[in-house]
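Residue strings, one per chain:
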Amino acid sequence: MEYTIHNLRLLLLPCLFFLVIGTPALAQTGSITGTVQDTTTGNPIPYVSVSLYPSGDSAATDGLLSDEGGHFRFANVKEGRYLVRLTFLGYETLSLKEVSVTGNQPTDLGIIRLVGASQFIDEVNVSGQQSQIVNKIDKQVFDADQFEASKGGTAIDVLRNMPSVSVDGQGQISMRGAPGFLLLINGKPVVADATAILSQLPANQVENIELITSPSAKYDPDGRGGIINITTKKGATDGLALIANVQGGLPSMNDFGNAAPQSRYGTDITVNYRTGAWDISASGNYLRNDNAGLRDGEVYTIIGNRKTVFPSHGERSFDKYNYGGRFNVGFTPNERNAFSVGFFAGHRFQDRIADIHYNNVATDVATGTVIGRSQYFNPNLQTKQGDFILGSLDYTHTFKQGSSLTFSALYERADLYGSTQNRNIEGSDTLQHTVSTYRNPLDGFRGKVDFSVPLGNGTWESGYQYRWDKQDGQFIYRVQELDDAGLVTVPDFSGAVAAVNQIHSFYTQYAGKTEQLEYTGGLRYEYAYRDLLVQSVDDNDYQLKLRNLFPSASALYHMSDHWKAKAGISRRVQRTSNFELNPIPEREHSETLEQGDADLLPEFIYLAELGVVGEFKKGSVFGTVYYQDIENPIQRVNSVYADTILNRVYTNADRARRTGVELGLTYNPAKWSQLYLGTNLYQSSISGVVLDDMEERENRAWVYSISGNANIDLTQRLSVHGNVNYLSSRPTVQGEDSRFLSPSLSVKHTFMDGALTALVQWQNIGMGIFDSNQQRITTWAPDFYTTTNYIYEVDVVMLNLSFNLNRLTRQLRLPNSEFGDKEF
């Protein structure tokens, strides 16, 4: 209790400090604000170019882009008269003359409506192509609507089209080759596992994808590769807005002879109601997405003079579903205060079926003589489930001088549980039957306060954040051998693990701009405490305390009206999950044990980048050179446990480095077509002493990924969309992961003046020609070699139907699981 009170005091002290300093009139200049909307639909228009000119002067003194809600704000504007000019592709340029600024008083232009340019207007919608990519000082913003082939799927299907992002055959998401990144949902950090969160977010609700490759100090420093921010859709004007989607899949063209047929169907609905000061949003979704598949493996181990080879082949499929409901209530009683309350409840389920046939042969290493043979069938069922409940509260107060103070808090409860059942059957005899069960409930809390104030030619921001999560896991492993009467608990593989993580962090940063230069610099201090109590055969308490500084700086220079140069550097951390720390072994299937390392260290990463951006009438181009230096890279490696069992453990290597270049091109050759191409090429190297090996190992290789997307309007209502994603082979500290290919094609038709949309998708095109949707994972050491090819369904056909009562284009600030999905 005393410790809790102490933590609350730590949270309140900076709040009181900010309240005291937030009231003085630090800014002695005025401001100009406004909101840009489409004159026909009333929807906000993001990324409008807004320029500020002194009256009678042809040279702009300031310029910016409107945000996702169409809002813009010029701070520190000297007293006088100005012209405000707004330009955006597909709309007529608007100039507002004689805009007056008096003293330090704010000038609010209210709602500014842009009219669609006549050459872009047809009877259905604006067919002129808006910019698909917007480049800012620290990030790139991608319009999700350009990736039609992902509709009906999840946010992961949208992400795989980004030039910096790749998704492999196991569903692992990487940013610039690094599988760790910080995920934000509408600007809110998600500490949970990114793949788990994104698999629950329907693609239809995604508005924009922001790739923040040079994060500032105000963001959490989590994530090797940087930050991905997902902004979601919401109604724009007063009244009711609704979007509903239904999808279903045709029967599998090739189910690999799996025991059960695959089911693919789902629905999601989002409702937003705005009236006066109230803004109410709610959504619900259900998604069933099974995947047929098989695996084909080859393994050998060497123990002493005995070499055991055990090739395997069989089904490896997934039955998956999730459902959930979210709501958010926003209340803005006046221009100075804003409140927001959110709630989420959901459930996730996954069965992984691996029914594998083994053919084991043991030989004498010296003579090659066969000394043993066995054939057996290994049916394996792994089940994971989770129930999630969370609530969030946000409050923002804006002072007269333009400074603001924001409080936010989030609490989550997650009940995680599951089991793994494993049998080795030879003929009619069950040689071994094992059952692993776990229950791993989690509680998490995040509280933060942020203060910002206009200062000079920019804005100074500071804040404090406290993070806490606790997980109490119970793990039981039971075995029944051939002659046993029943299952018997194995103490070495059973026990309890209690993990507590606490983080205190402070940050300060300054962001400013001149006529041609935008810049940001800041520093974040963090104290992190980790306590892991393991109760098994032996009881051990593992503690880790870390104090770190995370500096960051970035700049964007406008070389001309069409060209910009940018640079950035930051330090980040990839934290350990409780799963990676758990030292109690789990029998995942017949040939594999999985185990964490209680002494595992977090990774520390320096990121640096230098790039150029060009914008022209029919598109844009960008190129970025980047460098990552990673200390303590976390690797999952294998060692020999027994002649037919490998032990898969997490460990730290010494160093990893990536040097690469990103290139992206958007091109609109005509009003009826859009083309996008992105590529990422980097050299990856990783080195270190692995487990008990005496010699240091190093693996180095070139890696590349390619994303291409084309949208063609055949008529005003009928369009075709194609995309392809390719990821080359990648090195690991013990081997490599093979290439991965995923091409898709879709056809869209709109009805009822665009309110109803039908979409047919052809996912993971194979046709017996392409090796799509499969990946081989290979590792080796002096005493073992293992390679496994995971092959999943191709030529999947999905049907989607979407209904829009009102176009949804504003951020839907619904809460998402923050801690529990990470451990799921």
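Position numbers for residues start from 1 in each chain and track the written sequence from start to end. In view of the model being predicted, local features appear only for residues whose pLDDT reaches at least 70, and side-chain atom pairs are presented and counted only at 80 or more, with totals across whole chains, interfaces and linings using the full set of residues. Note that water and hydrogens are dropped before the side-chain values are worked out from all heavy atoms of the structure.

## Observations regarding the overall build of the protein chain
Only DSSP runs of H or I reaching four residues or more are called helices, and only runs of E reaching two or more are called strands; each is numbered from the N terminus. A count of helical and extended segments in the protein chain gives five helices and 49 strands. Buried, partly exposed and exposed residues are distinguished by accessible area as a fraction of the type maximum, computed with a 1.4 Å probe on protein chains only: under 20%, between the cut-offs, and over 50%, respectively. Looking at the 824 residues of the protein chain, the share that counts as buried comes to 55%. Note on contacts: a residue pair qualifies if any of its non-hydrogen atoms lie within 4.5 Å across the two residues. Excluding contacts between residues fewer than 6 apart, the proportion of contacts in the protein chain whose partners are at least 24 apart in sequence is 69%. Computed with the Shrake-Rupley method and a 1.4 Å probe, the accessible areas treat only the protein chains shown as cover for residues. Summing over all exposed atoms, the protein chain offers an accessible surface of approximately 34,000 Å²; the carbon and sulfur share of this is 56%.

## Some words on the sheet that holds strand E38 (residues 645–652)
Overall, mixed pairing links the four strands, which are arranged E33-E34-E38-E37 in an open sheet. Each edge of the sheet is formed by a strand with only one pairing partner; in this case those strands are strand E33 (586–589) and strand E37 (634–642). Each strand axis lies, on average, 30° off the axis of its neighbour in the sheet, ignoring direction. Strand pairing requires that DSSP identify at least two bridges connecting the strands. For helices, the fitted axis covers only the stretch in contact; all axes are lines through C-alpha atoms, and the angles between them, taken along N-to-C directions, range from 0 to 180 degrees.

## Considerations on the packing of aromatic side chains
Ring pairs shown here join Phe, Tyr and Trp side chains whose ring centres sit within 6.5 Å, with only the six-membered ring taken for Trp; geometry is labelled stacked below 30 degrees between planes, edge-to-face above 60, and tilted in between. Following the criterion strictly, the structure yields 22 aromatic pairs and no others. With a centroid separation of 6.4 Å and 25° between ring planes, the pair formed by Tyr438 and Phe475 is classed as stacked. Taken together, the positions of Tyr438 in strand E25 (residues 429–439) and Phe475 in strand E27 (residues 458–481) put the pair 37 residues apart, joining distant regions of the chain. On the basis of relative accessibility, which here comes to 23%, the residue Tyr438 falls in the partly exposed class. Between Tyr464 and Phe506, the ring centres sit 4.7 Å apart and the planes meet at 45°, which makes this aromatic pair tilted. Of the two residues, Tyr464 sits in strand E27 while Phe506 sits in strand E29 (residues 495–513), which places them 42 residues apart along the sequence. The cationic tip of Lys320 hangs over the ring face of Phe318; the distance from NZ or CZ to the ring centre is 5.8 Å. A cation over a ring is seen here: Arg439 above Tyr417, with NZ or CZ 4.7 Å from the ring centre. The rule is short: NZ of Lys or CZ of Arg within 6 Å of the ring centre and within 35 degrees of the ring normal puts a charge over the ring.

## Section: a nonpolar patch on the surface
A surface patch of nonpolar side chains, amounting to about 810 Å² of accessible area, comprises Phe616, Leu665, Tyr667, Leu675, Leu677, Leu681, Trp702, Tyr704 and Ile706. Here Phe616 shows up in strand E35 (residues 603–616). Among the residues examined, Phe616 registers a relative accessible area of 37% and is labelled partly exposed. Patches were defined on residues exceeding 30% relative accessible area and lacking a salt bridge, with like-charge contacts within 9 Å and nonpolar side-chain contacts (Val, Leu, Ile, Met, Phe, Trp, Tyr) within 5 Å. Just to be clear on terms, a salt bridge is a Lys or Arg side-chain nitrogen sitting within 4 Å of an Asp or Glu carboxyl oxygen.

## Describing the nonpolar core
Only buried residues count toward a nonpolar core, which is a set of Ala, Val, Leu, Ile, Met, Phe, Trp, Tyr and Cys residues joined through side-chain atoms within 4.5 Å. With 23 residues, the main nonpolar core has Leu159, Ile173, Leu198, Ile209, Leu211, Ile228 and Ile230 as its most contacted residues. Put simply, the parts of the chain that give this core at least two residues each are helix H2 (155–159), strand E10 (165–167), strand E11 (173–175), strand E12 (182–185), strand E14 (206–212) and strand E15 (227–232). The greatest single-element share of this core, amounting to four residues, is contributed by H2. Among the nonpolar cores identified, the runner-up in size contains 22 residues, and Ile32, Leu86, Val99 and Leu114 belong to it.

## Re the pairing of strand E1 (residues 30–38)
In terms of burial, E1 is a largely internal element, nine of the nine residues being buried. Taking every second residue as pointing to the same face, both faces of E1 are buried, with Gly30, Ile32, Gly34, Val36 and Asp38 on one and Ser31, Thr33, Thr35 and Gln37 on the other. Sheet topology places E1 next to strand E4 (residues 71–77); five bridges connect them, and they run antiparallel. When the sheet's bridge partners are listed, Gly34 is paired in E4 with Phe72. Inspection of the sheet shows E1 paired to strand E7 (residues 106–114) by seven bridges, in the parallel sense.

## Considering the sheet that holds strand E2 (residues 49–54)
Within the open sheet, the four strands sit side by side as E3-E2-E5-E6. Their pairing is antiparallel. Strand pairing shows two members of the sheet lacking a second neighbour, strand E3 (62–65) and strand E6 (94–101), which therefore form its edges. Averaged over all pairs of adjacent strands, the angle between their axes in this sheet comes to 20°, without regard to strand direction. Pairing of E2 with E3, which is carried by four bridges, proceeds in the antiparallel orientation. Bridge pairing in E3 links Leu52 to Asp62.

## Some details on the pattern of salt bridges
Counted according to the given criterion, the structure contains 24 salt bridges. In this structure, Arg306 and Asp643 form a salt bridge, with 3.8 Å as the shortest nitrogen-oxygen distance. One end of the pair, Arg306, is in strand E20 (residues 306–309); the other, Asp643, is in the loop between E37 and E38, and 337 residues separate them in sequence. Among the salt bridges present, the one from Glu594 reaches Arg648, with a minimum N-O distance of 3.3 Å. Here the residue Glu594 occupies a position in strand E34 (residues 592–595), and Arg648 occupies one in strand E38, the gap between them amounting to 54 residues. The residues Glu594 and Arg648 share a single accessibility class, namely buried. The structure contains a network of salt bridges with shared partners spanning Asp220, Asp222, Arg446, Arg467, Arg524, Glu526 and Arg575.

## Here we look at the environment of Asn254
As for its position among the elements, Asn254 is in the loop between strand E16 (239–249) and strand E17 (264–275). Linking Asn254 and Ala292, residues 38 residues apart in sequence, is a C-alpha distance of 8.2 Å. Polar contact is the term for a pair of N or O atoms within 3.5 Å; when the atoms are in protein, one must be able to donate a hydrogen and the other to accept it, and sequence-neighboring residues count only if both atoms are side-chain atoms. Polar side-chain contacts of Asn254 include one of 3.0 Å to the backbone nitrogen of Phe256.

## Notes on the environment of Pro333
Relative to the elements of secondary structure, Pro333 occurs in strand E21 (residues 312–334). Here the alpha-carbon distance between Pro333 and Gly276, two residues 57 residues apart in the chain, equals 8.7 Å. Setting aside its immediate chain neighbours within four residues, Pro333 contacts Ala277 and Phe339.

## A closer look at the side chain of Arg288
Residue position: Arg288 is located in strand E18 (residues 278–289). A residue is classified by how much of its surface remains accessible, and Arg288, at 19% relative accessible area, is buried. Discounting residues that sit within four places of it in the chain, Arg288 has contacts with Ser263, Arg264, Tyr265, Asp319, Lys320 and Tyr321.

## What about the environment of Tyr510?
Mapping Tyr510 onto the fold places it in strand E29. Ignoring sequence-local partners within four residues, the contact set of Tyr510 consists of Leu455, Gly456, Asn457, Gly458, Thr459, Trp460, Tyr519, Thr520 and Gly521. A polar atom in the side chain of Tyr510 sits 2.6 Å from the backbone oxygen of Leu455.

## Digging into the side chain of Asn360
Relative to the helices and strands, Asn360 is located in strand E22 (residues 337–364). A polar contact of 3.4 Å, which involves the side chain of Asn360, links it to the side chain of Tyr376. In contact with Asn360, not counting residues within four places along its chain, are Val309, Phe310, Gly372, Arg373, Ser374, Tyr376 and Thr644.

## Some words on the pairing of E21
Bridge analysis of E18 against E21 gives eleven bridges, and the strand direction is antiparallel. Within E21, the position partnered with Gly284 by the bridge is Gly325. Bridge count for strand E19 (residues 293–303) against E21 is four bridges, and the pairing is antiparallel. Looking at E21, one finds that Asp296 is bridged to His313. Pairing between E21 and E22: 21 bridges, direction antiparallel. Bridged to Asp319 within E22 is Asp351. The turn joining E21 and E22, which pair antiparallel and follow one another in sequence, is formed by two residues.

## As for the confidence of the model for the protein chain
As a per-residue measure, pLDDT reflects the predictor's confidence and takes values from 0 up to 100. Per-residue confidence for the protein chain averages 83 on the pLDDT scale, and 86% of its residues sit at or above 70. Within the model, pLDDT remains below 50 along residues 118–130, and this stretch shows 29 contacts once partners closer than five positions in the same chain are excluded.

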